[in-house]
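Chain by chain, the residues:
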Amino acid sequence: MEVSELNRFFTAVKVFAAAAAAALLFLLAPGARVDAEAAVKGIDVSGFQGNINWNAVANSGVQYAMIRLGNTTYGADSKFVQNVLGANAAGIRTGVYVYTYAQNAAQAAADAQYAVAAMANLPVSFPVAIDIEDSSQSGLTAAQQQEIVNTFCSIVYNAGYHPMVYSYRNWFTTKLGATVWDHWVADYSDSCGFGPAAMWQYSSSGSIAGIAGNVDVNFCFKDYFSTIIPNGLSTQAGKTYLFKNFRRQVGMQTVAGNSYFFGADGAMVKDRTITDAQGNIIRMCKDGHVVTITAAQLAANQKAQAALVQAQALLAQAQAKSSQARSLLDAALSQSQALAAKASAAAQTAATVMAEAQALPTEQNLAAASAAKITSDTLAAQAAAAGTQQTSAQTALTAAQTEETAAQAALAQAQLTAKAAAAAVVVPQ
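The rules we used
- For every chain, the first residue of the written sequence is number 1, and numbering continues from 1 along that sequence.
- With the structure being a predicted model, the display of local features is reserved for residues of pLDDT at least 70 and the display and counting of side-chain atom pairs for 80 or more, all residues being used for whole-chain, interface and lining totals.
- Side-chain descriptors were evaluated using all non-hydrogen atoms of the structure, hydrogens and water having been removed beforehand.
- Here a strand is any run of E in DSSP of at least two residues, a helix any run of H or I of at least four, and the numbering for each starts at the N terminus.
- Here the radius of gyration uses the C-alpha set of atoms, whereas the globule reference equals 2.2 Å times the residue count to the power 0.38.
- Note on exposure labels: buried denotes an accessible area under 20% of the residue type's maximum, exposed denotes more than 50%, and partly exposed covers the range between, all computed with a 1.4 Å probe on protein chains only.
- The contact definition used throughout considers only heavy atoms, calling two residues in contact when any of these lie within 4.5 Å.
- Note on areas: Shrake-Rupley with a 1.4 Å probe; residue coverage comes only from the protein chains shown.
- Neither His nor the chain termini are counted; the positive set is Lys and Arg, and the negative set is Asp and Glu.
- Note that the charge is assigned to NZ on lysines, CZ on arginines, CG on aspartates and CD on glutamates.
- Strand pairing is assigned whenever DSSP identifies at least 2 bridges connecting the two strands.
- Whenever a helix is involved, its axis is fitted only over the stretch in contact; in every case the axis is a line through C-alpha atoms, and angles between N-to-C directions fall within 0 to 180 degrees.
- Should an angle fall under 35 degrees it is taken as roughly parallel, and over 145 as roughly antiparallel, whereas 65 to 115 is taken as roughly perpendicular and any remaining angle as oblique.
- Put simply, a crossing is left-handed when the front helix is turned counterclockwise from the back one by less than a right angle, and right-handed when it is turned clockwise.
- Charged residues are taken to be Asp, Glu, Lys and Arg, nonpolar residues to be Ala, Val, Leu, Ile, Met, Phe, Trp, Tyr, Cys and Pro, and polar residues to be all remaining types, Gly included.
- Only buried Ala, Val, Leu, Ile, Met, Phe, Trp, Tyr and Cys residues count toward a nonpolar core, and they belong to the same one when joined by side-chain atoms within 4.5 Å.
- Salt bridges are identified by distance alone: a Lys or Arg side-chain nitrogen within 4 Å of an Asp or Glu carboxyl oxygen.

## Comments concerning the overall build of the chain
And then number 1: From N to C terminus, the chain includes ten helices and 18 strands.
And then number 2: Here the chain has a C-alpha radius of gyration of 46 Å; the compact-globule value for 429 residues is 22 Å, and the former is much larger.
And then number 3: Expressed along its principal axes, the backbone C-alpha trace of the chain runs to roughly 160 × 45 × 40 Å.
And then number 4: Here the chain, with 429 residues, has 43% of them falling under the buried criterion.
And then number 5: By sequence separation, contacts in the chain at least 24 residues apart represent 63% of the contacts at least 6 residues apart.
And then number 6: When the accessible surface of the chain is split by element, carbon and sulfur atoms take 55% of a total near 21100 Å².
And then number 7: One way to put it: in the chain the 24 positive side-chain charges average out to a point 2 Å from where the 26 negative ones average out.

Written out as structure tokens, the structure reads:
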């Protein structure tokens, strides 16, 4: 079965929550604060920082870096690939951000597709953010901006990355409105005054070893280190995902020799059964592993069960034929034995009468001897015919028994074939 068919069968992940629920996720009460305790330190950089000594950055305690990728308006950031590879080599988690000038969903989609293509062969191991804050977008309505953000983030999510939205606090609260994506908030104060924030850019004038001049510094409050993994299976909030090179996988995948199907949202599909356009049954078992019962196997089972019914009917016919042949043989045997007894008695009578005729050859005795001889010969002929009929009945019985034996063997084989065919199409749990 084609992966595209399964993807069409399973509805794509719902990436937009209801407005009320999203609002609850977006805004906290005025004046709320997010503390930096236990937050993870990171930076965001671009070509403006020039060449970076990433080993020195790592030694300073930086654990992740959000790296500018570029956009469809100006192309790739001059240091994008260099920074991703350098940070990764130094053991620093690498995320990406795209400063967008998009005025509508189509332009946002173009930026997202550009980013996905640019990241394809790179070790992007942290979120991928859309940076929406350009003055050209300030006149857009909240609905228009949300469409831009949601379009970009949906494409990024479907490509297997973890999307995020970046802007400054005032933009979030007065222009963009509620989103269902993780928020990366620029708020240059003692604490992040916006929530919920997954990441907080708290200063643009940080000083980090290995970087000349100022650099943006951040705290990360969400544990992306355990949710975005290099490779393997990860269970999060009751759903199981497969990662390869830090990217969620979708479609049919092989893990430890077993096939699994991951839906459009990247989650492993469990305890589902479908039939595809070709008639194949696809079973996602309770533990997630996929079993495919092909249309050919289903057809073979139908054929085997039909053959079993036919074999049973043929055996019944052969048994009926054997029973009939046995009855005919019994009748022939009974008739043959009766005629043989009569012929024997007639022969004895004829011998006695003929002996008397020889001793006293009167006309009466000779006539009696002749009549006895005719009777004896007639009965002898009848007995012989009955014997021939008995032999024929015995031959017919032998043939019927041979046919019955063959039918029994055919039925036994049909039972084995039907059992195996039925076992092959059992839908597992």
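## Observations concerning unusual backbone geometry
And then number 1: Positive phi values are uncommon outside glycine, yet alanine 237 reaches one of about 55 degrees.
And then number 2: Summarising the element assignment, alanine 237 is placed in the loop between β11 (231-236) and β12 (239-244).
And then number 3: When its relative accessible area of 85% is taken as the criterion, alanine 237 is described as exposed.
And then number 4: One non-glycine residue with positive phi stands out, namely phenylalanine 246, at about 70 degrees.
And then number 5: Structurally, phenylalanine 246 is set in the loop between β12 and β13 (247-248).

## Section: the sheet that holds strand β5 (residues 93-99)
And then number 1: Read around the closed barrel, eight strands run β1-β2-β5-β6-β7-β8-β9-β10, paired in mixed fashion. Strand-to-strand twist across the sheet, computed as the mean angle between neighbouring axes with direction ignored, equals 30 degrees.

## Some remarks on the packing of helix α9 (residues 295-359) against helix α10 (residues 363-424)
And then number 1: Put simply, α9 and α10 touch, their axes get as near as 5 Å, and they point 165 degrees apart. It follows from the interaxial angle that α9 and α10 lie roughly antiparallel. α10 is crossed by α9, and the crossing has left-handed handedness.
And then number 2: The residue makeup of the contact of α9 with α10, split by class, is 42 nonpolar, 20 polar and seven charged.

## Considering the pairing of strand β17 (residues 281-284)
A regular strand places its side chains on the two faces of the sheet in alternate fashion.
And then number 1: Every second residue of β17 is oriented toward a common face, with Ile281 and Arg283 on one face and Ile282 and Met284 on the other, all of them buried.
And then number 2: In terms of strand pairing, strand β16 (residues 272-275) meets β17 through four bridges, oriented antiparallel. Across the sheet, residue isoleucine 274 finds its bridge partner in β17, namely isoleucine 282.
And then number 3: What sits between β16 and β17 in their antiparallel hairpin is a turn of five residues, with glycine 279 showing a positive phi close to 90 degrees.
And then number 4: Here β17 pairs with strand β18 (residues 290-293) via four bridges, running antiparallel. Note that in β18 the partner of isoleucine 281 across the bridge is isoleucine 293.
And then number 5: Between the end of β17 and the start of β18, which pair antiparallel, lie five residues, with glycine 288 showing a positive phi angle near 100 degrees.

## Considerations on the nonpolar core
And then number 1: In this structure, Ile43, Trp54, Val57, Met119 and Val165 are the most contacted members of the largest nonpolar core, which totals 72 residues.
And then number 2: Counting residues per element, this core draws most heavily on helix α6 (residues 142-158), which supplies six residues.
And then number 3: Each residue touching methionine 119, except ones within four places of it in the same chain, is listed here: Leu69, Phe80, Val96, Val124, Val128 and Tyr161.

## What about the pairing of strand β14 (residues 251-255)?
And then number 1: Judged from the five bridges that link them, β14 and strand β15 (residues 258-262) form a sheet pairing that is antiparallel. Among the inter-strand pairings, threonine 254 is bridged to a residue of β15, identified as serine 259.
And then number 2: Between the end of β14 and the start of β15, which pair antiparallel, lie two residues, with alanine 256 showing a positive phi angle near 50 degrees.

## Observations regarding the pattern of salt bridges
And then number 1: Overall, the coordinates contain eight salt bridges when judged by the stated rule.
And then number 2: The partner of arginine 68 in a salt bridge is aspartate 77, with the nearest N and O atoms 2.7 Å apart.
And then number 3: Given the relative accessible area of 7%, aspartate 77 is considered buried.
And then number 4: With its nearest N and O atoms 3.6 Å apart, the salt bridge here joins aspartate 265 to lysine 239. On the criterion of sequence distance, the pair formed by aspartate 265 in the loop between β15 and β16 and lysine 239 in strand β12 is long-range, its members being 26 residues apart.
And then number 5: The exposure class assigned to aspartate 265 is buried, which follows from its relative accessible area of 14%.

Everything listed here is a matter of coordinates, which is why it stays silent on function.
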